[in-house]
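Letter by letter, the chains look like this.
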There are 2 protein chains.
Amino acid sequence: MSNAKVLPVLEPAVEPCCPPLTERPLTAQEAIRTAAMFKALGDPVRLRLFSAVASHEGGEACVCDISDVGVSQPTVSHHLKKLKEAGLLTSERRGTWVYYRVEPSVLAAMGHILGRYAA
Amino acid sequence: MSNAKVLPVLEPAVEPCCPPLTERPLTAQEAIRTAAMFKALGDPVRLRLFSAVASHEGGEACVCDISDVGVSQPTVSHHLKKLKEAGLLTSERRGTWVYYRVEPSVLAAMGHILGRYAA
DNA sequence: CAGCTATGTTGACACATATCGAATCAACGG
DNA sequence: CCGTTGATTCGATATGTGTCAACATAGCTG
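Everything quoted here is computed from the prediction, not taken from an experiment.

(A) Broad picture of the sheet that holds strand β3 (residues 97-102) of chain B. Residue and element names in this part refer to chain B. Across the sheet, 3 strands lie side by side as β1-β3-β2; this open sheet has antiparallel pairing. Among the strands making up the open sheet, the edge pair consists of β1 (60-62) and β2 (89-94). Each neighbouring strand pair of the sheet contributes to a mean axis angle of 25°, computed without reference to strand direction. The pairing of β2 with β3 spans 6 bridges and is antiparallel. Looking across to β3, one finds that Ser91 is bridged to Tyr100. Strands in contact with helix α4 (residues 73-85) are β2 and β3; relative to β2, the strand with the most contacts, it is inclined by about 120°.

(B) Representation of the protein's contact with DNA strand C in the model. Around DNA strand C there are 25 residues in total, and Gln73, Trp97 and Tyr100 of chain A together with Ser72 and His79 of chain B lie nearest to it. Note that a phosphate oxygen of DNA strand C is positioned 3.1 Å from one of the side-chain N or O atoms of Arg46 of chain B. Here Lys82 of chain B contributes a side-chain N or O atom positioned 3.0 Å from a phosphate oxygen of DNA strand C. Of all the elements in the fold, those that place two or more residues in the surface near DNA strand C are α3 (63-66), α4 (73-85) and β3 (97-102) of chain A together with α2 (44-55) and α4 of chain B. Among the elements that line the surface near DNA strand C, the one with the most residues is α4 of chain B, at 5 residues. Classifying every residue of the surface near DNA strand C gives 10 nonpolar, 9 polar and 6 charged.

(C) Inspection of the sheet that holds strand β1 (residues 60-62) of chain A at higher detail. Residues and elements named next belong to chain A. With antiparallel pairing, the 3 strands of this open sheet are ordered in space as β1-β3-β2. In this open sheet, the two edge strands, each paired with only one partner strand, are β1 and β2 (89-94). Within this sheet the neighbouring strands show an average axis-to-axis angle of 25°, counted without direction. Relative to β3, β1 runs antiparallel, the two being bridged by 3 bridges. Each bridged residue has a counterpart across the sheet, and for Cys62 the counterpart in β3 is Tyr99. Against the sheet, α4 contacts β2 and β3, and its axis sits at roughly 120° relative to β2.

Parameters at a glance
- Residues numbered from 1 in each chain as written.
- Chains lettered and ligands numbered in written order.
- Predicted model: local features only at pLDDT ≥ 70, side-chain atom pairs only at ≥ 80, totals over all residues.
- Heavy atoms only, no water.
- Pairing = 2+ DSSP bridges.
- Helix = DSSP H or I, 4+ residues; strand = E, 2+ residues; numbered from the N terminus.
- Axes fitted to C-alpha atoms, helices over the stretch in contact; angles between N-to-C directions.
- Contact = heavy atoms within 4.5 Å.
- Near = heavy atom within 4 Å.
- Polar contact = N/O pair within 3.5 Å; in protein donor to acceptor, adjacent residues only side chain to side chain.
- Nonpolar A, V, L, I, M, F, W, Y, C, P; charged D, E, K, R; others polar.

Dropping the structure here:
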């Protein structure tokens, strides 16, 4: 028992977690956290889905708009779930369709971690 | 024999390949290319190794300086090879030790791809 | 309510990858 | 030239991951 911070999935790595890669060597904890964000974008299908949402009008898109990436519908759903778990996307059901939206803070954190190279 | 451009490892995806994720949906080709870069940083051990090199004095470090990440020496070598194949690091042998150095252009490309979020 | 469409979930499988031990290669020193 | 130390490669294995078919769920519409 003890504390309730055990569940890893409830912490989508949104908070400003880690310093730029050039500042000092990351600790094991920081590396696990940061790697999860990069890993989420480390798959071509996920990257295309994310890009489709990010570039869509209004910063959001329903699954029906973005599901044409060459894989089956369950696979699309699977990848969207991964992106959501990584904190990169949020979803909301409005009637028949489910809309996905980009979470800017996590992208900002990734840009921050890349440090001076990203500038 | 024929031409010498057969080896795939000679194309480390350094050139400015892709637009920001928010500009338009990535094509399949672009996504494969971009995902490879993010994937390389999507492992905690690789991230720690890369951070150790990036934050080391002079922007370079020998394997002996950074191999204390909790995995065996062959595993360290394996991950460094992956980072090199992704174009994130370059290596050079000087006497007994091998020195690794950050390739800034790839990091810049990643920052560019993150788009306005990284700023 | 019945049927239809849009998403999500489950189970299974093929493939990739992270890891280690052992062997090998490279440089240095006696 | 041989032994030592650092670094990579090889072989094997366990785990992770992407994928799809089948099924389940949610909401609209008649």
